[in-house]
Amino acid sequence: WLVGINATQAITVAAGRGTYSLGRVQTPTLAMICDRYWENKRFVPEPVFQLHLSTDGTADSEVVKFSSIEKWKEKEPAETAYGIAKECGKITVTHVERKETVQEAPLLYDLTTLQKEANTKHGFSAEQTLSIAQKLYEAKLITYPRTGSRHISEDVFAEIPTLLLTLKNNPAWGGYISGMGDLSRRSVDDTKITDHHALLVTEVKAQHLGAEERIIYDMIAGRMSEETEEVTLPEWKEGDTLPVKGCSLTEGKTKPKPLHTEATLLSAMQTCGKELEDEQMRQSLKECGIGTPATRAAIIETLFRREYMVRQKKSLVPTEKGLALYSVVRAMRIADVTMTGEWETALSQIEDGGISAETFRKGIEAYTSQITSELLSSDKLFPHNESGCTCPKCGKGMMQFYGKVVRCGNPDCGLPIFRQKAGKTLTDAEITELLTKGQTGVIKGFNSKEGKPFSAAVAFDGDFNTVFVFPDVKNNRNSKRKKK
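Residues numbered from 1 in each chain as written. Predicted model: local features only at pLDDT ≥ 70, side-chain atom pairs only at ≥ 80, totals over all residues. Heavy atoms only, no water.

### Quick look at the side chain of Glu 320
What counts, and what does not: Under the DSSP-based scheme used, a helix requires at least four consecutive residues in state H or I and a strand at least two consecutive residues in state E, with every element numbered from the N terminus. Categorising residues by exposure relies on relative accessible area from a 1.4 Å probe, with only protein chains included: less than 20% of the type maximum marks a residue as buried, more than 50% marks it as exposed, and the intermediate range marks it as partly exposed. For the purposes of these results, a polar contact is taken to be a pair of N or O atoms within 3.5 Å, where, inside protein, one atom must be able to donate a hydrogen and its partner to accept one; residues adjacent in sequence count only when each atom of the pair is a side-chain atom.
Within the secondary structure layout, Glu 320 lies in helix α13 (residues 320-329). A relative accessible area of 17% means that Glu 320 is categorised as buried. Within polar-contact distance, the side chain of Glu 320 engages the side chain of Gln 420 at 3.3 Å.

See below:
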């Protein structure tokens, strides 16, 4: 509270107009979204070539496909390899090695993992998953959902077979439950249970569930049983000669890291931005994550409400307002996800008696003074130039040009005009034309949400919001239609 309330006031005062919100969790979360956005946008793709072969498997109709381990950056060596493979027409098995591995059953769900998988597989938002899980809990169908643990105790493990009998007539799991063997003990660890154990279904039978509720319930139920999958490999021996049935060379481009989704953002919040595939490593680092399982969904929704980011399909895309805020605070400690994670760890240590609350509080007070002074004393925050144009709304204030927005200098008005529209940033000249004439000429280079380019003029509506005005190309007339 000390950090958020003081930093929010400081940056709002420094900006001079409007309200901007900062917080010890929301700001580093926004920073991770913006970091990924700029990394994605500034990525320069490079060509990459890969060789692909197909040959006979063990069965007569079976075809086995291979792709080369090597990926060439230059076309010439890739074409040389392709020519050799195509001309040869056969391949020889030089070495065979077989290993039998057993993939451990995944740990049971905590709230964050459930939210991540529900987003990845079903497109549910973190807040939506929490809301559905809460309804299932209130109907006594699952255990407490706001848990940060993926483990259960020995006594709870002993109850699992009885709980699974509840699923005997379940259309998704009934057939599997009746034939399953011994249960995995991987999630059984009394020492790793926090306030509440991992998510489980209860002995209450699930009836009359809605479609979304059924999805979340079945995800939790399915995590308790352990479906396995066996992979059959061709029975090849060293020295076997196999025909090349197909050969191709593909050319592609290296790709940037994709924009964050809610699933990847939840993972980043859980591990302070460290990208880890290993589940156990993620678990070991979650103690220094930012936020808690119960609050992360609310933090994400806060960033939407503040208009710092929007959803584009599953991707999280920062808005101009979010990017503008990030450009101010990105080098400040309030945007440092690692430091925020260290605070979370300190809070846990206070709970365990490792450090005193007073010691931690003094450190936070000192930090709050530092960040507040840093924000208030910076003369580089939100610089602006005078436009020479009177505000079209109030007729009193002069419009001021900022980097991302043009705003009325009258504090009782403060009319904002955001420069970026549909992926294009309006120039000073275009904004001046809008302010003086109420409408610009036709501007090229806009892009729709589907990525299609279009041209339009920009004008004010009756409330001085900006709207697009499209020329009537079909009739080649001057009549126009408006679209917000």
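This is not the end of the story, as more comes after the structure.
### Re the pattern of salt bridges
Going by this rule: Any carboxyl oxygen of Asp or Glu within 4 Å of a side-chain nitrogen of Lys or Arg constitutes a salt bridge here.
Counted according to the given criterion, the structure contains 16 salt bridges. Glu 235 serves as the salt-bridge partner of Arg 98, at 3.7 Å between the closest nitrogen and oxygen. Placement of Arg 98 in the loop between β3 (90-92) and α4 (111-122) and of Glu 235 in the loop between α9 (211-224) and β4 (241-243) is noted, with a sequence separation of 137 residues between them. Residue class for Arg 98 comes out partly exposed when judged on its relative accessible area of 46%. Given the relative accessible area of 55%, Glu 235 is considered exposed. Arg 185 is the salt-bridge partner of Glu 154, the closest N and O atoms lying 2.4 Å from each other. In this pair, Glu 154 sits in helix α6 (residues 154-157) while Arg 185 sits in the loop between α8 (174-179) and α9, placing the two residues 31 residues apart along the sequence. Classification of Arg 185 by relative accessible area gives partly exposed; the value is 44%. If you follow the salt bridges from partner to partner, you end up with Arg 36, Glu 39 and Lys 257 in one network.

### Regarding the nonpolar core
What counts here: Only buried Ala, Val, Leu, Ile, Met, Phe, Trp, Tyr and Cys residues count toward a nonpolar core, and they belong to the same one when joined by side-chain atoms within 4.5 Å. Contacts are assigned to residue pairs with any non-hydrogen atoms lying within 4.5 Å of each other.
Formed by 48 residues in total, the largest nonpolar core has its most connected members in Val 329 and Ile 334. A per-element tally of this core places helix α2 (residues 26-41) first, with 6 residues. In this structure, Val 329 is in contact with Ile 11, Leu 22, Thr 27, Ile 334 and Ala 335, ignoring residues within four places of it in sequence.

### Focus on the packing of helix α5 (residues 126-138) against α9
To be explicit about the condition: Working convention: axes come from line fits to C-alpha atoms, limited for helices to the stretch in contact. Angles between N-to-C directions cover 0 to 180 degrees. Angles are sorted into four bins: roughly parallel if under 35 degrees, roughly antiparallel if over 145, roughly perpendicular if 65 to 115, and oblique for all others. When residue character is reported, Ala, Val, Leu, Ile, Met, Phe, Trp, Tyr, Cys and Pro are called nonpolar, Asp, Glu, Lys and Arg charged, and the others, Gly included, polar.
Contact geometry for α5 and α9: axes closest at 10 Å, N-to-C directions at 85°. Considered as vectors, α5 and α9 are oriented roughly perpendicular to each other. The residues of α9 that touch α5, namely those facing Gln 128, Thr 129, Ile 132, Lys 135 and Leu 136, are Glu 212, Glu 213, Ile 216 and Tyr 217. Looking at the contact of α5 with α9 residue by residue, the classes come out as 4 nonpolar, 2 polar and 3 charged.

### Points about the confidence of the model for the protein chain
Low pLDDT means the predicted coordinates in that region are not meant to be read closely. Convention followed: pLDDT expresses how confident the predictor is about each individual residue, on a scale running from 0 to 100.
Predicted confidence across the protein chain gives a mean pLDDT of 84, with 87% of residues reaching 70 or more. For the protein chain, the element scoring lowest by mean pLDDT is strand β17 (residues 480-483), at 43; α5 scores highest, at 95. In the predicted structure, residues 475-484 sits below a pLDDT of 50 and forms 20 contacts with residues beyond four places in sequence or in another chain.

### A few points about the packing of α2 against helix α12 (residues 296-305)
The contact between α2 and α12 brings their axes to 10 Å, and the two run at 70°. As the angle between them shows, α2 and α12 are arranged roughly perpendicular. Where α2 approaches α12, its residues Gln 26, Thr 29, Leu 30 and Ile 33 are matched on the opposing element by Ile 299, Thr 302 and Leu 303. Grouping the constituent residues of the contact of α2 with α12 by class yields 4 nonpolar, 3 polar and no charged.

### A word on the packing of aromatic side chains
Each aromatic ring pair is described using two quantities: the centre-to-centre distance and the angle formed by the ring planes. Which entries qualify depends on this criterion: Pairing of aromatic rings covers Phe, Tyr and Trp, the last through its six-membered ring, and needs centres within 6.5 Å; plane angles under 30 degrees mean stacked, over 60 mean edge-to-face, and all others mean tilted.
Scanning all chains against the criterion turns up 10 aromatic pairs. Their ring planes at 75° and their centres at 5.2 Å tell us that Tyr 37 and Trp 38 sit as a pair that is edge-to-face. A residue is classified by how much of its surface remains accessible, and Tyr 37, at 15% relative accessible area, is buried. Residue Trp 38 is classed as partly exposed on the basis of its relative accessible area, which comes to 26%. With 6.1 Å between their ring centres and 55° between their planes, Phe 468 and Phe 470 make a pair best called tilted. Judged by relative accessible area, Phe 470 falls into the buried class, the value being 13%. Ring pairing ties together the aromatic residues Phe 446, Phe 454, Phe 468 and Phe 470, which thus form one cluster.

### With respect to a negative patch on the surface
Let me state the cut-off plainly: In this scheme, patches are assembled from residues that exceed 30% relative accessible area and form no salt bridge. Like charges are connected within 9 Å, while nonpolar side chains (Val, Leu, Ile, Met, Phe, Trp, Tyr) are connected within 5 Å. Here the open area of atoms and residues is found with the Shrake-Rupley method and a 1.4 Å probe, where only the protein chains shown may cover a residue. In this tally Asp and Glu are treated as negative and Lys and Arg as positive; neither His nor the chain ends contributes. To locate a charge, take NZ of a lysine, CZ of an arginine, CG of an aspartate or CD of a glutamate.
On the surface, a cluster of negative charge is contributed by Asp 155, Glu 159, Asp 190 and Glu 203. In this fold, Glu 203 is placed in the loop between α8 and α9. With relative accessibility at 55%, the residue Glu 203 sits in the exposed group.

### Brief notes about the sheet that holds strand β2 (residues 63-67)
Operational definition: Strand pairing is assigned whenever DSSP detects at least two bridges linking the two strands.
Pairing within the open sheet is antiparallel, and its 3 strands lie in the order β2-β1-β5. Edge positions in the sheet fall to β2 and β5 (246-253), since each has one partner strand and no second. Going from strand to strand, the sheet's axes swing by 25° on average, the running direction of each strand aside. Direction of pairing for strand β1 (residues 47-56) relative to β5: antiparallel, over a ladder of 8 bridges.

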